[in-house]
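Geometric and topological summary
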Amino acid sequence: MVVPDREDSESESSSQKKILYNSVVDDNQEKSTKSLIGNLFDSGSDWINENKLLFRYATFSSIAVLGVYGLLNTPFFFRFKDAEKIPAYYFKRRKKLHCRIVHVVRDDVAKNLECQPIRLLLRHLTPLERCLSRPLFDSFTGLKYANESSIRSRNDLLCAEIAGVVSPPPYSVEIGMEEDGAWLKRLAEDRSRVTLQLLSLRSPSPNNRFPSNLEEKNTIVKEKTSIIGHITYRPGTAMFQKDLASSLVLYGRADLENGLYTELDGYDIEYASTSTKDIDKDVEFVSILEENQAKAIHEKWGMWSDKNIRQNFKYKSLVEEVETDKTKTW
């Protein structure tokens, strides 16, 4: 009979003790983890029970914030803030945007030209903003106490050019008569509602957008991309809207451009429609502007009341043609 060695029996018993010890330790750790998690849940539930009202308000507030955020991202609150973000098909289909005039800017693009594009800063209105009165609109949009510099520095306004017209050359008026630009400025101060029909997009050409050297970067005036379009407005209590360019030309507040678009160095015209139907409408529109200009010359309104303008070599032949045309009944 073989008698087990004493050392072997002792090592076996010690290993069994270690296994038993480790199992006890694991059980204790598992119990301590479970108890810790349980204590945390208990303390959390106790805190909620003690602060039911606060927890309820916090839950409702979170739901309300998420709901408002979701509502603001629906079409009911949608508007364009950047002309470059407007899809190309909006221009090719000549879609219309409902806006308000915020500011008149006529000296941004072509500072060295005599006749510059008449440019307006417009706020594209959401369906909700279209229902707001003038005071509520100013308060809602933060324009109530905004000055000229703060308005021009905003990046949520669309820059639009009035198609077919340019600003008139400097002219003098008699005391009490309307000064150059006063009427448009009044429309902007009143935040007049207008409808903008998109015709094309004027954007800086690549060379103008990215100057090649530091000197050019310091000298080139970086302009916003602008929309060229027809703008209509509702004068006073009139039921129907009128074309803004036609009104400007009719009362001598603007000069005619050779076509719809002012050619400017360093800028490209994009998305202009090539449809025959649209081109025929443009030709008809330009002819209406020419008729309005002839009437303004005959009646001596606005810029045409200045003798220096009427005798200027640029306009002298046009003035003589209107004055000698006996077929027109004004």
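Residues numbered from 1 in each chain as written. Predicted model: local features only at pLDDT ≥ 70, side-chain atom pairs only at ≥ 80, totals over all residues. Heavy atoms only, no water.

**Focus on the overall build of the chain**
Using the following cut-off: A run of H or I in DSSP becomes a helix once it reaches four residues, and a run of E becomes a strand once it reaches two; helices and strands are each numbered from the N terminus. Each residue gets one of three labels from its accessible area relative to the maximum for its type: buried under 20%, exposed over 50%, partly exposed in between, using a 1.4 Å probe on protein chains only. Between two residues, a contact is recorded if the distance between any of their heavy atoms is within 4.5 Å. To be clear on the numbers: accessible area is Shrake-Rupley with a 1.4 Å probe, and residue cover counts the displayed protein chains and nothing else.
Along the backbone of the chain there are 12 helices and 8 strands. Put simply, the chain has 330 residues, and 35% of those count as buried. Taking contacts inside the chain between residues at least 6 apart in sequence as the whole, the part at least 24 apart equals 77%. Carbon together with sulfur atoms contributes 54% to the accessible area of the chain, which is approximately 21200 Å² in total.

**A few points about the packing of aromatic side chains**
For any pair of aromatic rings, the description consists of the separation of the ring centres together with the inter-plane angle of the planes. What counts here: Two rings from Phe, Tyr or Trp (for Trp, the six-membered ring) form a pair when their centres are within 6.5 Å of each other. A pair whose planes differ by under 30 degrees is stacked, one over 60 is edge-to-face, and the rest are tilted. Cation placement over rings: the criterion is NZ of Lys or CZ of Arg within 6 Å of the ring centroid and within 35° of the ring normal.
Considering all chains together, one arrives at 7 aromatic pairs under this definition. With a centroid separation of 5.1 Å and 80° between ring planes, the pair formed by F78 and F80 is classed as edge-to-face. Judged by centre distance (5.3 Å) and plane angle (35°), the ring pair of Y251 and W301 falls under tilted. Placement of Y251 in the loop between α9 (244–250) and β7 (255–256) and of W301 in the loop between α10 (276–299) and α11 (307–310) is noted, with a sequence separation of 50 residues between them. Linked through ring pairs, F78, F80, Y89 and Y90 together constitute an aromatic cluster. The ring of F137 is capped by R100, whose NZ or CZ atom sits 4.8 Å from the centre of that ring. Sitting above the plane of the W183 ring, R253 keeps its charged end 4.2 Å from the centroid.

**Thoughts on the packing of α10 against helix α12 (residues 316–324)**
Definition in use: For helices, the axis comes from a line fit to the C-alpha atoms of the stretch in contact; other axes are also lines fit to C-alpha atoms, and the angle between any two N-to-C directions lies between 0 and 180 degrees. Oblique is the label for any angle not covered by the other classes, which are roughly parallel (under 35 degrees), roughly antiparallel (over 145) and roughly perpendicular (65 to 115). Residues are grouped as follows: Ala, Val, Leu, Ile, Met, Phe, Trp, Tyr, Cys and Pro are nonpolar; Asp, Glu, Lys and Arg are charged; every other residue, Gly included, is polar.
Following both chains from N to C, one finds α10 and α12 inclined at 80°, their axes separated by 9 Å at the closest point. Looking at the two axes, α10 sits roughly perpendicular to α12. Residue-level contacts link Q293, A294, I297 and H298 of α10 to L318, V319 and V322 of α12. Of the residues assigned to the contact of α10 with α12, the class counts are 5 nonpolar, 2 polar and no charged.

**Considering empty space enclosed by the protein**
To keep things clear, this is the line we draw: Definitions used throughout: a 1 Å grid over protein atoms alone; a cavity as a set of points that fits a 1.4 Å probe which cannot get out; a pocket as an open set with protein on both sides within 12 Å along at least five of seven lines; a lining residue as one with an atom within 4 Å of a point. Grid points are joined across faces, edges and corners, and a volume is the space filled by probe spheres set on the points.
Considering all chains together, one arrives at 1 cavity of 30 Å³ or more under this definition. Residue contributions to the lining of the largest cavity peak at 5 residues, all from strand β3 (residues 158–166). The residue makeup of the lining of the largest cavity, split by class, is 5 nonpolar, 2 polar and 3 charged.

**Side note on the pairing of strand β2 (residues 117–124)**
Applied cut-off: For two strands to count as paired, DSSP must find a minimum of two bridges between them.
Taken across its 8 residues, β2 has 8 buried, putting it largely inside the fold. Of the two faces of β2, the one carrying P117, R119, L121 and R123 and the one carrying I118, L120, L122 and H124 are both buried. Sheet topology note: the strand β1 (residues 96–105)/β2 ladder contains 6 bridges and is antiparallel. Residue pairing across strands places V104 opposite L120, the latter belonging to β2.

**Topic: the side chain of R100**
The topology assignment puts R100 in strand β1. Each residue touching R100, except ones within four places of it in the same chain, is listed here: L121, L122, R123, L125, L132, S133, R134, F137, D190, R191, S192 and R193.

Spatial relationships are all this shows, so hold off on functional conclusions.
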